[in-house]
Each structure stands twice: as structure tokens, then as C-alpha cells.
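# Descriptive structure summary
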Amino acid sequence: MTTGSNFDDRLHDWFEDGPTDAPDQVLDTVLAAVPSIPQRRAGWRASRGLSAMFGFSRVLAGVAIAVGLVTALFFVIRPTPGGVGSEASPSPSAAIVAPPTAIESPAATASTPAPAATAVAPCGLANLEVRITLWEGAAGHRIAHVELTNTGFDACVIQAMARPQLVDGNRSILIDGSSPAAPDPLLTVDAGEVLKTLVQDGNYCGPAPVAPVSGAFVLADGSHVLATPFSPTDATVPPCLGSGSKADIEMQPWAP
């Protein structure tokens, strides 16, 4: 078999194998075949020269095709910068930035009215303990130091002022005071809390009292609170400064 025929057979085999699976000796065969191709001579017959010309052209065409395919195969299977067999790194896609979420302002809530404070009941007589802790005299008057204690389990309210009275052991009124001129503010007395006041009386010109002498308070609803006397034998009253003058008694507001 001639060199041209051998080259043709190998070229034919390469085309049969496909462009991505070329025989290993294609390029070697092509390079080895080029020097062995007969050159055209002047003395050849026309038919043989024509045949040689066509054979040489066919060889050159095959060489060109083989070189082109080998070059293409080189670019197809050449290693990538990332290493042999590594895939091209995907181009980074533009990050999808979600629009900032609007901060919802808290809905204006309708102002809820504060629950009404539980009404505090007036102090009952059973939950009030009043007592005279001290008597003292001053310029024809006597002054009683008085304490009021809420002995109940709940808070209650009382007026800051009341109508004071001086009474004896038979609960006879010796001196009667005046009611407050205007409604006084209410004082809340917590359970166990103590309020204090001073009661001053003077110019008593009546009969001798029955011991013990004490004080009392008329509340706004007309009820009376009797104070425990300072002494069970105390019958002292303020001096009489003139029978023609009216006796008097007054109190200071209750205070803690």
C-alpha cells in the first residue's frame, strides 16, 4: 500500500471516529506523509501529472483539515485556569437586594380610659377608735390631744373637720361646738392609720360634771364618735371666765 493510500485510510478512520475522538497518530501520519508525496515533473504524461496533481491537492486538503481539527480539539480539551476538568466558574450574578421593609409605625391606639377608682366607703363608727392622750391648760382654756385610728381591714374616708363637743360621764353635752362652715375635704384613712388633732375648750360656767369628762365628734352624717377619756376619774373642765359669756370649743383638722 502506498503512503498516500495509507494516509487516506487513516484520515478516513479519523473522520469515522468523529471530531472529538481522533486517533493518536493522525498528526504523525500527516507530517510523515508530506515529504513522501511525489512532486510533479515535466516529463510525466498529462494523465499521470493530472492524477498526481489531484492526489497532491487531496493530500494538502486533508492536511489542512487535520491541522484545523487538531487545533480545534486542543481548544476544546485544553485545561481551564482552575485546573484540569474544572468547570468555568459561573459569573457572579447580581445580588438581588430586597427593598427595605418599611417599619410600620405603631397604630395609634385609642386612649383607654383608666378604670375608675373603687370608691372608698366612709369610715364606720365600728372601725374608728378615738381617744384623748393628753390634757393641758393654757390661758383659761384646756387643750385635749386626740388620736383617731382606723381599726378596720380596709381604707375609709373621713372629713378633715367635725363638730366638737365636751361631754361628761353621762354623755351630757357640756359645751357644743359649731359644724364646719363649708364641706371639708375627705381624708383617706388606711387600715391601721392614725390621725391626730387638738381640741380647745373654754369658759365653762355650768354645773359640776360627772366623771369622766371627755370629748365627742359629730360627723357629717350626724353620727357621734365618743373619745375614750384620758382618765376614768377626770372631771376637770375649763374655768368660768364670765357667766355672761358663751362657752366655746373648736378643733384643728385631722392630720397624720
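As shown above, the structure is provided for reference.
Residues numbered from 1 in each chain as written. Predicted model: local features only at pLDDT ≥ 70, side-chain atom pairs only at ≥ 80, totals over all residues. Heavy atoms only, no water.

## Quick notes on the nonpolar core
Convention followed: Working definition of a nonpolar core: buried Ala, Val, Leu, Ile, Met, Phe, Trp, Tyr and Cys residues. They are joined through side-chain atoms within 4.5 Å. Each residue gets one of three labels from its accessible area relative to the maximum for its type: buried under 20%, exposed over 50%, partly exposed in between, using a 1.4 Å probe on protein chains only. For the purposes of this entry, the term helix denotes a DSSP run of H or I that reaches at least four residues, the term strand denotes a run of E that reaches at least two, and both are numbered from the N terminus. Whether two residues touch is decided by their heavy atoms; if any such pair falls within 4.5 Å, the residues are in contact.
Grouped together as the largest cluster of nonpolar side chains are 26 residues, with contacts concentrated most on Val130, Val146, Ile158, Phe217 and Trp254. Within the residue set of this core, elements represented by two or more residues are β1 (128–138), β2 (141–150), β3 (156–159), β5 (173–176), β7 (194–202) and β10 (248–251). A total of four residues in this core trace back to one element, the largest contributor, which is β1. Val130 has contacts with Val146, Glu147, Leu148, Phe217, Val225, Leu226, Ala227, Thr228 and Trp254, leaving out every residue within four places of it along the chain.

## Quick notes on the sheet that holds β1
Heads up, the condition is: By the convention used here, strands pair only if DSSP detects at least 2 bridges between them. For every element, the axis is a line fit to its C-alpha atoms; helices are fit only across the contacting stretch, and the angle between N-to-C directions ranges from 0 to 180 degrees.
Strand order in the open sheet made by the four strands is β1-β2-β7-β10, with antiparallel pairing throughout. Edge strands, defined here as strands with exactly one partner in the open sheet, are β1 and β10. This sheet shows a mean twist of 20 degrees between the axes of neighbouring strands, independent of strand direction. For β7 and β10, the ladder comprises four bridges, and the chain directions are antiparallel. Residue Gly202 lies in a different strand from β10, and its bridge partner there is Asp248.

## Some thoughts on the packing of aromatic side chains
Our working rule: Aromatic pairs are defined between Phe, Tyr and Trp rings, using the six-membered ring for Trp, whenever the two ring centres lie within 6.5 Å; interplanar angles under 30 degrees are classed as stacked, those over 60 as edge-to-face, and all others as tilted.
Using the criterion set out here, one finds one aromatic pair in the structure. Here Phe217 and Trp254 contribute two aromatic rings whose centre-to-centre distance is 5.3 Å and whose plane-to-plane angle is 55 degrees, an arrangement assigned as tilted. Here the residue Phe217 occupies a position in strand β8 (residues 214–218), and Trp254 occupies one in the segment after β10, the gap between them amounting to 37 residues. On the accessibility criterion, Phe217 (4% relative accessible area) is buried.

## Overview of the pattern of salt bridges
Short version of the rule: A carboxyl oxygen of Asp or Glu within 4 Å of a side-chain nitrogen of Lys or Arg is what we treat as a salt bridge.
According to the stated counting rule, one finds three salt bridges in the structure shown. Salt-bridge contacts for Glu147 lead to Arg131; the nearest nitrogen and oxygen are separated by 3.5 Å. Residue Glu147 is found in strand β2, and its partner Arg131 is found in strand β1; the two are separated by 16 residues along the sequence. Judged by relative accessible area, which is 38%, Arg131 ranks as partly exposed. Across the pair Asp234 and Arg142 runs a salt bridge, and its minimum N-O distance is 3.8 Å. Taken together, the residues Asp234 in the loop between β9 (224–226) and β10 and Arg142 in strand β2 connect sequence positions 92 residues apart. Residue Asp234 is classed as buried on the basis of its relative accessible area of 10%.

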